[in-house]
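# A look at the structure
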Amino acid sequence: MSKKAANPRRKPDKKDDKKEKKEWPVVVYMWSFGLGILGYLIVGEGLFEVKPHPIHWLSGLVSAFAGIGIGWLWYRWRGDVF
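Now for a look at the structure at hand. (Residues numbered from 1 in each chain as written. Predicted model: local features only at pLDDT ≥ 70, side-chain atom pairs only at ≥ 80, totals over all residues. Heavy atoms only, no water.)

### Focus on the overall build of the protein chain
The following threshold applies: In this text, helices come from DSSP runs of H or I with a minimum length of four residues, and strands from runs of E with a minimum of two, each type numbered from the N-terminal end. Whether two residues touch is decided by their heavy atoms; if any such pair falls within 4.5 Å, the residues are in contact. Surface accessibility in these figures is a Shrake-Rupley result with a 1.4 Å probe; residues are shielded only by whichever protein chains are displayed.
From N to C terminus, the protein chain includes three helices and zero strands. Its helices and strands taken in sequence order, the protein chain reads α-α-α from the N to the C terminus. By sequence separation, contacts in the protein chain at least 24 residues apart represent 73% of the contacts at least 6 residues apart. Summing over all exposed atoms, the protein chain offers an accessible surface of approximately 7,800 Å²; the carbon and sulfur share of this is 64%.

Listed below in C-alpha cells is the structure:
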C-alpha cells in the first residue's frame, strides 16, 4: 500500500465540537423593544387610562412578540442595521 492510498486521520477542530451560538440580529431587538413600548403606551395607556388593567402589560407583551416577528421579516428583507 502506498502513502497516497492511506488516509491519515485528522483531529477534529475545536469548532466542530462546539456548535456556534448565533445571537439574534440587532434589528429584531429594536423592533421588539420599540413595538413593546408603543403597544404599552398607545393601547394600554391610551385606551385604558382611566382604570389600570392587566391589559396594559398584556398589550406590551403582545406588541413585543409582534415586534420579534416583524424584526425577523425585516432582517430577511433588508438585513441587519449594522
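### Things to note about helix α3 (residues 55–78)
Along an α-helix, residues three or four positions apart point the same way, because every turn accommodates 3.6 residues. Rules: For a helix, the expected span equals 1.5 Å multiplied by the number of residues minus one.
The terminal C-alpha atoms of α3, which comprises 24 residues, lie 33 Å apart, in line with the 34 Å expected from a rise of 1.5 Å per residue. Close packing links the buried residues of α3 with α2 (26–47). Backbone geometry just downstream of α3 places G79 in the positive-phi region, at approximately 90°.

### Some words on the environment of G69
This is how the line gets drawn: The cut-offs for exposure are 20% and 50% of the maximum accessible area for each residue type, with area from a 1.4 Å probe on protein chains only; residues under the lower value are buried, those over the upper are exposed, and the others partly exposed.
Among the structural elements, G69 can be located in helix α3. Classification of G69 as partly exposed rests on a relative accessible area of 34%. In this structure the C-alpha to C-alpha distance between G69 and V28, which are 41 residues apart in sequence, comes to 7.8 Å.

### Concerning a nonpolar patch on the surface
We apply this condition: Exposure above 30% relative accessible area and the absence of a salt bridge qualify a residue for a patch, where like charges join within 9 Å and nonpolar side chains (Val, Leu, Ile, Met, Phe, Trp, Tyr) within 5 Å. The salt bridge definition used is simple: a Lys or Arg side-chain nitrogen within 4 Å of an Asp or Glu carboxyl oxygen.
Taken together, the side chains of F33, I37, L38, L41, I42, V43 and L47 make up a nonpolar region of the molecular surface, amounting to roughly 700 Å² of accessible area. Among the residues examined, I37 registers a relative accessible area of 40% and is labelled partly exposed.

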